[in-house]
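Listed below, chain by chain, are the residues.
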Amino acid sequence: MDLFKLISDIEKVDPEVYERLDPRRRVFKHFGLAGKAVTAAMLPGLVSGIFQRAYGQTTSLTPEITQVLNLALSLEYLEFYFYDSGLKASNLIPATDRPAFETIRNDESGHIKVLREVLGTAAIADPTRDAFDYTGGKGLLPGPFATVFTDYKIFLGVAQSFVDTGVRAYKGGAPVLMPNKDILESALNIHSVEARHSSHVRTVRRGVELGNATATAVAGDLNNLNKIPKSWISGIDNGGPSPNTTPSTTPVYGAGNPAATYPAENNTTQAGVPIENSAMGITAAAASEAFDEPLDPTTVKSIARNFVKATTTLFV
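Presented here is an overview of the structure given in this document. (Residues numbered from 1 in each chain as written. Predicted model: local features only at pLDDT ≥ 70, side-chain atom pairs only at ≥ 80, totals over all residues. Heavy atoms only, no water.)

1. Overview of the overall build of the chain
Secondary structure assignment for the chain yields ten helices and two strands. Starting at the N terminus, the α and β elements of the chain follow one another as α-α-α-α-α-α-α-α-β-β-α-α. The 316 residues of the chain split such that 53% are buried. (Helix = DSSP H or I, 4+ residues; strand = E, 2+ residues; numbered from the N terminus. Buried < 20%, exposed > 50% of the residue type's maximum accessible area, 1.4 Å probe, protein only.)

What follows is the structure, encoded as structure tokens:
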């Protein structure tokens, strides 16, 4: 769940969202979480409590806020049905890897329940599994990932693209939270859980590509990041798992719109300061790896649209 982006988008149509969350800027203390780490298992109940507190039963959701939350709900359905389909596919995910993907799948299910509870009768109908085409063909013809649920390598490549997009979308909303130290700090704790999902998928993928179960002992290959990625994004990752397909994974790592606000992942300048420094041994790759880059909502939606059938209205 992209909490940063969700709060950021709501703030655009409801400038008082922070006051709704908690005028004393101590929202998370009300949930008994002061001094505790926020885990993935705690996330659904926590977020539900936050929004129920912000928009209680006596406060109606505006059409603009309803639209923002329904977009988030659509994204959660996209991810839930992807992981659920992978887990239900015969002989796709090895037994040793299933527990982690079951956890990720269950996280998405929890997010869906939270958003539906907040939206109430205004929530979109469950699009069902039939609304999605994870081959990337938009339901018109088999796309470049036609074997996504029979070839584990393809499955992991698509999964990497999803989680990397999600982490960048999270970062896109962070600047709006800067004035509120407490919410920013707590939201970063949640963001770190999502980032761990990305790191896990990348590590598993590297191990599968190398045929090495101990992938944590093997470094990513800068000359072949498409197949042997690091456990974190490096530069533009050579365009990601499938840079030459249509659709391509390149936009996941490229610049957003506008590029000045949403630079590509190979950005090496932060706050106007060049990070790359040959004298100190900081390469361009190392400089880019030190920071995640944000991605704008329009670009995120354009990526997601590649995996829904053209007959649906999701991500329009």
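2. Some points on the side chain of R202
Inspection of the secondary structure assignment puts R202 in helix α7 (residues 181-210). In this structure the side chain of R202 is engaged in a polar contact, spanning 2.9 Å, whose partner is the side chain of D164. The residues touching R202, leaving out its near neighbours within four places in the chain, are Q160, D164, P229, K230, S231, W232, I233, D237 and Y253. (Polar contact = N/O pair within 3.5 Å; in protein donor to acceptor, adjacent residues only side chain to side chain. Contact = heavy atoms within 4.5 Å.)

3. Considerations on the nonpolar core
One broad rule of soluble globular proteins: the nonpolar side chains tend to lie buried together. Within the largest apolar cluster, 39 residues are counted, with the highest numbers of intra-cluster contacts made by F82, F101, F132, Y134 and F155. For this core, the elements supplying multiple residues, two or more each, are α4 (63-88), α5 (98-119), α6 (152-177) and α7. Apart from the residues lying within four places of it in its own chain, the contact partners of F155 are F82, Y83, G86, L92, I93, F101, V148 and F149. Core analysis: the next-biggest nonpolar cluster, separate from the first, contains seven residues, I233, L295, V300 and I303 among them. (Core = buried A, V, L, I, M, F, W, Y, C linked by side-chain atoms within 4.5 Å.)

4. Description of the packing of aromatic side chains
Scanning the entire structure with this criterion turns up 17 aromatic pairs. Centroid distance F82 to F155: 4.8 Å. Interplanar angle 10°. Geometry classified as stacked. Taken as a pair, F82 in helix α4 and F155 in helix α6 lie far apart in primary sequence, 73 residues in all. On the accessibility criterion, F155 (0% relative accessible area) is buried. Measuring from ring centre to ring centre gives 5.7 Å for F101 and F155, while their planes differ by 70°; the resulting arrangement is edge-to-face. (Phe/Tyr/Trp six-rings, centres within 6.5 Å; stacked < 30°, edge-to-face > 60°.)

5. Digging into the pattern of salt bridges
Tallied over the entire structure, the rule returns ten salt bridges. The closest approach of N and O atoms between E209 and K153, which form a salt bridge, is 3.8 Å. Here K153 lies in helix α6 and E209 lies in helix α7, a separation of 56 residues in the sequence. We classify K153 as partly exposed; its relative accessible area is 39%. A salt bridge links R202 to D237; its shortest N-O distance comes to 2.2 Å. Of the two residues, R202 is situated in helix α7 and D237 in the loop between α7 and α8 (250-253); the sequence distance between them amounts to 35 residues. You'll find R202 and D237 in the same group, each marked buried. (Salt bridge = Lys/Arg side-chain N within 4 Å of Asp/Glu carboxyl O.)

6. What about helix α10 (residues 297-304)?
Among all positions in α10, only T299, V300, I303 and A304 are buried. All buried residues of α10 lie within an arc of 140° about the axis, which places them on one face of the element. Measuring from the backbone nitrogen of T298 back to the side-chain oxygen at the start of α10 gives 3.2 Å, which picks out D296 as the cap. (Arc of directions from axis to C-beta.)

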